[in-house]
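Listed below, chain by chain, are the residues.
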Amino acid sequence: MAMAMRLAGFTKEDRVANLFLPGASAWIGAHEAIEILGATLLPFWTSRPGDVAEQVELLQWLRPTAIVGSPSILVRLIAGGLPPVRAVLCGGEALHPEARAFMEKSLGAEIPLAYGNVECGMLGVQCEILRGTGRYHILSHDVFLEIIDPGTGMPADEGEILVTHLHRRLQPLIRYRLGDRGRRVDSGCLCGLELPLLELEGRSEELQVRVGGFQLVADKVAAAVRAVPGVGERFQIRVRATARGEEVRILFEGEGASRDSLYMALMQGEPALRALGDQGALVVEVVSRGEIPTKAWKTPRIVDERPS
Ligand SMILES: [Zn+2]
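Residues numbered from 1 in each chain as written. Predicted model: local features only at pLDDT ≥ 70, side-chain atom pairs only at ≥ 80, totals over all residues.

S.K.: Just to check I follow, could you spell out the overall build of the chain for this structure?
M.R.: Tallying secondary structure elements over the chain gives nine helices and 17 strands in all. With respect to the three principal axes, the spread of C-alpha positions in the chain is 60 × 55 × 35 Å. A buried classification covers 39% of the 308 residues belonging to the chain. In the chain, 57% of the contacts between residues at least 6 apart in sequence involve partners at least 24 apart. (Helix = DSSP H or I, 4+ residues; strand = E, 2+ residues; numbered from the N terminus. Buried ≥ 20, exposed ≤ 12 C-beta atoms within 10 Å, placed from the backbone. Contact = placed C-beta atoms within 7 Å.)

Structure follows, in structure tokens:
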């Protein structure tokens, strides 16, 4: 992760706040990376992870110049008044473009996209050239990634990603199935970094859901509402079974966005949602910042509440 921090512009002069959940492997990874970098690690610790006001107050007092943490917690802290910093590194969960744009604007720092998850920490990172491509430099000093055909378990150029952590001894990770799909990329990168490249194809189960006979894709929902004024950077699709059948409820964060405009944009922009809307199975809600339910500090794009 030290390499990822360098790419994000962290230097040994920085005073870094590690905002991952204390004790989680991402937190430990960031802690070690800050030490490797030789930067100053700020004593940021909170007894109440949900208490945003207390955390912001502590951070205003500590005045970090760089921060590292999950997008969900950073968005909440920014909304609570987190002061600007020089460098930011996000990891531990998917960083959606809207959340990234909001954080970059509020914090005044450019944020490289990182690929990783809570169990494994950071696995890859984007240099400037890779931004917006879905390709990542694999942090091959820390992890060994394999791609297999999920059907046969045999090595493949495209398929499911397995991760083996090269340093972790207390809780070893060996050929751990991430549930992510990816593709090996053999061409090098113009940035000159000699780290192998991976094209991430995403987690299919997290980014789409089958409901009422339609495949609902989170990215298409984001695209449909992009032009609606006042819409925030986050939303969540919640699917549940009701007495009348399946229902899709989409929560949007954003003061000032009109529920009706969002509903119209969804009906016009995405045929699957139009069909659900025609069946009376589409509900749109606008909620205040921080009101979208999170799970283990993540903000899932899709929550399926149907009995399995
Ligand atoms: Zn590069």
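S.K.: Please explain the environment of Phe-102 as it appears in this structure.
M.R.: Of note, Phe-102 is situated in helix α5 (residues 97–107). For Phe-102, a count of 21 C-beta atoms within 10 Å translates into the label buried. Taking C-alpha positions, Phe-102 is 20 Å from Met-5, a pair spaced 97 residues apart along the chain.

S.K.: Sorry if this is basic, but what is going on with the environment of Ala-99 here?
M.R.: Along the chain, Ala-99 turns up in helix α5. The class of Ala-99 is buried, set by 23 C-beta atoms lying within 10 Å. When the C-alpha positions of Ala-99 and Gly-80 are compared, they lie 15 Å apart, and in sequence the two are 19 residues distant.

S.K.: Help me out: how do you make sense of the environment of Glu-32 in this one?
M.R.: Here Glu-32 is to be found in helix α2 (residues 25–37). Along the sequence, Glu-32 and Ala-2 sit 30 residues apart, while their C-alpha atoms lie 8.0 Å from each other.

S.K.: Any chance you could explain the pairing of strand β12 (residues 208–211) here in plain terms?
M.R.: Side-chain direction in a regular strand flips from residue to residue, so the side chains alternate between the two faces of the sheet. Only one face of β12 is covered, namely the face carrying Val-209 and Val-211; the face carrying Gln-208 and Arg-210 is uncovered. Looking at chain direction, β12 and strand β13 (residues 214–217) are connected through four bridges and run antiparallel. Among the inter-strand pairings, Val-209 is bridged to a residue of β13, identified as Leu-216. Connecting the antiparallel pair β12 and β13 is a turn made up of two residues, with Gly-212 showing a positive phi of about 55 degrees. (Pairing = 2+ DSSP bridges.)

S.K.: Explain the sheet that holds strand β17 (residues 302–304) to me, please; I cannot follow it from the model alone.
M.R.: Strand pairing within a sheet occurs via backbone hydrogen bonds; the two strands may be parallel or antiparallel. Spatially, four strands are ordered β16-β15-β14-β17 in an open sheet, and the strand pairing comes out mixed. The sheet is open, and its two edges are formed by β16 (282–287) and β17, each paired on a single side. Looking at each pair of strands side by side, their axes are set apart by 20 degrees on average, direction ignored. With three bridges joining them, strand β14 (residues 235–242) and β17 adopt parallel strand pairing. Across the sheet, Ile-237 pairs through a bridge with Ile-302, a residue of β17. Sheet contacts for helix α8 (residues 259–269): β15 (245–253) and β16; angle to β16, the most-contacted strand, approximately 140 degrees. (Axes fitted to C-alpha atoms, helices over the stretch in contact; angles between N-to-C directions.)

S.K.: Quick question: what am I supposed to make of helix α7 (residues 218–225) here?
M.R.: Since the α-helix turns once every 3.6 residues, residues separated by three or four places project in the same direction. Residues of α7 that are buried: Ala-218, Val-221 and Val-225. All buried residues of α7 project into a common sector of 55 degrees when viewed along the axis, lining one side. (Arc of directions from axis to C-beta.)

S.K.: In this structure, what is going on with unusual backbone geometry? I would like to understand it.
M.R.: Residue Arg-63 is not a glycine yet carries a positive backbone phi of 50 degrees. With respect to the helices, strands and loops of the structure, Arg-63 is situated in the loop between α3 (52–62) and β3 (66–69).

S.K.: Sorry, what's going on with the sheet that holds strand β2 (residues 40–41) here?
M.R.: The four strands lie next to each other as β2-β1-β3-β4, forming an open sheet whose pairing is parallel. Both edges of this open sheet fall to β2 and β4 (87–90), since each of them pairs with a single strand only. Across three bridges, strand β1 (residues 15–18) lies against β3 in parallel orientation. Along β3, the bridge assignment pairs Val-16 with Ala-66.

S.K.: Would you explain α2 in this entry?
M.R.: A rise of 1.5 Å per residue sets the reference length of α2, with its 13 residues, at 18 Å; its end C-alpha atoms lie 18 Å apart and thus fit the reference within 8%. Of the residues making up α2, those classed as buried are Ser-25, Ala-26, Trp-27, Gly-29, Ala-30, Ala-33, Ile-34 and Leu-37. As for α2, its buried residues are in contact with α1 (2–7), β1, β2, β3 and β6 (121–125). Directly beyond the C-terminal end of α2, a positive phi value near 80 degrees is found at Gly-38. (Expected span 1.5 Å × (residues − 1).)

S.K.: Looking at this structure, how should I read the pairing of β6?
M.R.: Within β6, five of the five residues are buried, which leaves the element mostly enclosed by the surrounding structure. By the bridge criterion, four bridges tie strand β5 (residues 114–117) to β6 in an arrangement that is antiparallel. Residue Gly-116 lies in a different strand from β6, and its bridge partner there is Met-122. The sheet contact formed by β6 and strand β7 (residues 135–138) spans two bridges and is antiparallel. Across the sheet, residue Val-125 finds its bridge partner in β7, namely His-137.

S.K.: What's the story with the packing of α7 against α8 in this structure? I'm lost.
M.R.: Running from N to C, α7 and α8 point in directions that differ by 120 degrees, and their axes come no closer than 8 Å. The angle between α7 and α8 places the two elements in the oblique class. Crossing handedness for the pair α7 and α8: right-handed. Listed contacts from α8 to Val-221, Ala-223, Ala-224 and Val-225 of α7 are Leu-262, Ala-265, Leu-266 and Gly-269. Grouping the constituent residues of the contact of α7 with α8 by class yields seven nonpolar, one polar and no charged. (Parallel < 35°, antiparallel > 145°, perpendicular 65-115°, else oblique. Left-handed = near helix turned anticlockwise from the far one by under 90°. Nonpolar A, V, L, I, M, F, W, Y, C, P; charged D, E, K, R; others polar.)

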